[in-house]
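Given next are the chains, with one letter for each unit.
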Amino acid sequence: EQICQRVTEARKKPPESPGIKPKSSRKTPQQEALVQLLTGIVHQRALETSLGPATLAPKKDLEKLVAGDPDNKLLSGWRKSMIGDELLTLLQGKKSIYIRDGAVKMEAIAI
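A quick note: this is a predicted structure, and the numbers were derived from the prediction, not measured.

S.K.: How should the nonpolar core be read in this particular structure?
M.R.: Soluble, globular proteins show a tendency: their nonpolar side chains are buried together. Counting residues in each nonpolar core, the largest one holds 15 residues, and the members touching the most others are Leu38, Ile41, Val42, Leu62, Leu74, Ile83 and Leu87. Contributing elements (two or more residues each) for this core: helix H2 (29-49), helix H4 (59-67) and helix H5 (77-91). Counting residues per element, this core draws most heavily on H2, at 5 residues. Those residues in contact with isoleucine 83, other than ones at most four positions away along the chain, are Ile41, Val42, Arg45, Leu56, Ala57 and Leu74.

Quick look at the structure:
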């Protein structure tokens, strides 16, 4: 009887696609920290440009940038020139951040 019940339940479930695994949306603690850091920079830039932070750099796109996903709004168009390039160079270790006069600033690192 239990076997028949399990077979009936299994038939109700949609078939699984072999070889296609859902992407894991779990971030490491390090990635979470980087997203938070980038969020602070985005908020500062939003204040400077009078744009909303979510308009300038949506959190999902910050997460994609940290994960190295090239399918990202921050790597094309107006977002790329306003914030994307700068965030990417920071993640690549080519810029440093500091606080001056109560604002987050970035500068290139001489390599």
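S.K.: Sorry if this is basic, but what is going on with the pairing of strand E2 (residues 103-108) here?
M.R.: Regular strands place side chains that alternate from one sheet face to the opposite one. Sheet topology places strand E1 (residues 95-100) next to E2; 6 bridges connect them, and they run antiparallel. Note on E2: the bridge partner recorded for tyrosine 98 is lysine 105. Counted between consecutive antiparallel strands, the loop separating E1 from E2 contains 2 residues, among which aspartate 101 sits at a positive phi close to 55°.

S.K.: Is there a simple way to think about the side chain of aspartate 61 in this case?
M.R.: Secondary-structure assignment places aspartate 61 in helix H4. An unpaired buried charge is present at aspartate 61: no salt bridge exists, and lysine 64, the closest side chain of opposite charge, is 4.4 Å distant. Setting aside anything within four residues of it in sequence, one finds aspartate 61 in contact with Asn72, Lys73 and Leu74.

S.K.: Quick question: what am I supposed to make of unusual backbone geometry here?
M.R.: A negative phi angle is the norm for most residues apart from glycine, just as the trans form is the norm for most peptide bonds. Residues other than glycine seldom take positive phi values, yet serine 50 does so here, at roughly 60°. For serine 50, the location among the structural elements is in the loop between H2 and helix H3 (53-56).

Criteria and thresholds
Residues numbered from 1 in each chain as written. Predicted model: local features only at pLDDT ≥ 70, side-chain atom pairs only at ≥ 80, totals over all residues. Heavy atoms only, no water. Core = buried A, V, L, I, M, F, W, Y, C linked by side-chain atoms within 4.5 Å. Buried < 20%, exposed > 50% of the residue type's maximum accessible area, 1.4 Å probe, protein only. Helix = DSSP H or I, 4+ residues; strand = E, 2+ residues; numbered from the N terminus. Contact = heavy atoms within 4.5 Å. Pairing = 2+ DSSP bridges. Lys, Arg positive; Asp, Glu negative; His and termini not counted. Salt bridge = Lys/Arg side-chain N within 4 Å of Asp/Glu carboxyl O.

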